[in-house]
Amino acid sequence: MTRPVRPDADELPIGRRVARWRVRRRMTQQMLADRLGKSKSWVDKVERGVRSLDRYSTVQEIAEVLRLDPAVLLDPRKPLPTATAGLDGVDAVRAALARYHRRPARTVPPDEVQRHVAHAWLTYEHAHYTQLLRALPALLDAAHATPGLLVSAYRITASVLVKLGEADLGWLAADRAVAAAAGDPVRAGTATIAVAQALRALGRDRLALTAAVAATGTAADDAVRGTLLIQAALAAAGCGDGRRADDLIDHAAVLADRRTGDDDPQHTAFGPAAVLLARSLTALRLGDTHQAVHHHEKAIRRDDWRRLPVEHRAAHLVDAAHAYLDAGDLTAAGLTLVDADTIAPAEVRYRPAARTLVAEIARSGPPAAGVARLATLVGLTR
């Protein structure tokens, strides 16, 4: 009697591939359904092949929740590198977070830790993520005895992990930041910014909205309060509540307009330009691509656009490329994505959202030379 041959991954229907990756991510059908805004029955039908996945946008949504590139589901014969390909430091950061309760081997003087934290912020803001990941384990260990600096170390860790598609781990770091900030309203507010970012990345917009709004009542710094309002607005948009999103951003705009100087001790990048970028992203999340493009084009004409951190500008350009693509302007989408890569290559080449966008633009028509080069660099060409 001939034994049945077990199908390889590339022979499985896409629904079965979704099921396999869901199990690998330790998610139930209900958890996947909740994060997609679907019913458990819908997920079950997809996985059994009863319901087909014939829209790329739906595959993209599933891939984002499962922290994959869509092509891993669409064409597993040539799986793409993961979001952290070439960024081996993620495992070391995970290990450092796991040993947070242990005392470090040696006590590092606070002024030395302060220098390391300042350097880590600069590294993050210039989008040198490979270098940052290598430095974070030692930084987390060194900052253990200095709660104020530990908050910053955890914030930086959470931010880079969320960017690289490790939102669960990023949430853990952000939660640790909140715990380390106990009793300090400013630091607690900055830590809650990281919490809201991680929750939004996990598809928990309602929880992000609640956390950010609650923290605005105690944040004793306008830049921190304004950034929390922006996070709350983005979460409200994720919940489909456009009116509340606009109201929250309007409140943030008032705080931004009364800020003077370029000092940013809390590393929020908050100001009028950041508010305009947030208006663009909330519009995009609400499906208003015209407004998203309008606010983007208005923001990049401002003088303070150039003063935003490299990471912030490149991340926004990825969002703007998405807006142009949704508006049907493939050329502008490609050029904007190439601009983002010019400013901060790691922002495009390592972030799952950006890699997904490269794939979508490349598949939407003959790509511009810059986009074709990007597709090759990130492994999207056959």
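(A) Local environment of helix α17 (residues 310-326). For α17, spanning 17 residues, the distance from its first C-alpha to its last is 25 Å, which sits close to the expected 24 Å at 1.5 Å a residue. Two residues or fewer past α17, Gly328 is found with a positive phi of approximately 90°.

(B) Spatial organisation of the nonpolar core. Leu97, Leu136, Val160, Phe270, Val275 and Leu337 are the most contacted members of the largest nonpolar core, which has 103 residues in total. Among the elements that line this core, the one with the most residues is helix α13 (residues 222-238), at 11 residues. Residues within four places of Leu136 in sequence aside, it is in contact with Val93, Ala153, Ile156, Thr157 and Val160.

(C) Representation of the pattern of salt bridges. Evaluation of the coordinates by the stated rule reveals 16 salt bridges. Between Arg94 and Glu166 there is a salt bridge, and its shortest N-O distance comes to 3.5 Å. One end of the pair, Arg94, is in helix α6 (residues 89-98); the other, Glu166, is in the loop between α9 (147-163) and α10 (167-180), and 72 residues separate them in sequence. A salt bridge links Glu347 to Lys163; the nearest nitrogen and oxygen atoms lie 2.8 Å apart. Of this pair, Glu347 sits in helix α19 (residues 345-349) while Lys163 sits in helix α9, placing them 184 residues apart in sequence. A relative accessible area of 0% places Glu347 in the buried class. On the basis of relative accessibility, which here comes to 11%, the residue Lys163 falls in the buried class. The network of salt bridges with shared partners includes Lys163, Glu311, Glu347 and Arg351.

(D) Here's a closer look at the environment of Ala269. Along the chain, Ala269 falls in the loop between α14 (242-257) and α15 (272-285). A C-alpha to C-alpha distance of 9.6 Å links Ala269 and Val224, two positions 45 residues apart in sequence. Setting aside residues no more than four positions away along its own chain, Ala269 makes contact with Asp264, Ala274, Leu308, Pro309 and His312.

(E) Representation of the packing of aromatic side chains in the model. Throughout the structure, instances matching the rule amount to 2 aromatic pairs. Both rings, one in Tyr124 and one in Tyr129, keep their centres 6.1 Å apart while their planes meet at 45°; by these two values the pair is tilted. For the pair Tyr124 and Tyr129, one class covers both residues: buried. Cluster of aromatic residues (ring-pair linked, three or more members): Trp121, Tyr124 and Tyr129.

Here is what the cut-offs are and how they apply
Residues numbered from 1 in each chain as written. Predicted model: local features only at pLDDT ≥ 70, side-chain atom pairs only at ≥ 80, totals over all residues. Heavy atoms only, no water. Helix = DSSP H or I, 4+ residues; strand = E, 2+ residues; numbered from the N terminus. Expected span 1.5 Å × (residues − 1). Core = buried A, V, L, I, M, F, W, Y, C linked by side-chain atoms within 4.5 Å. Buried < 20%, exposed > 50% of the residue type's maximum accessible area, 1.4 Å probe, protein only. Contact = heavy atoms within 4.5 Å. Salt bridge = Lys/Arg side-chain N within 4 Å of Asp/Glu carboxyl O. Phe/Tyr/Trp six-rings, centres within 6.5 Å; stacked < 30°, edge-to-face > 60°.

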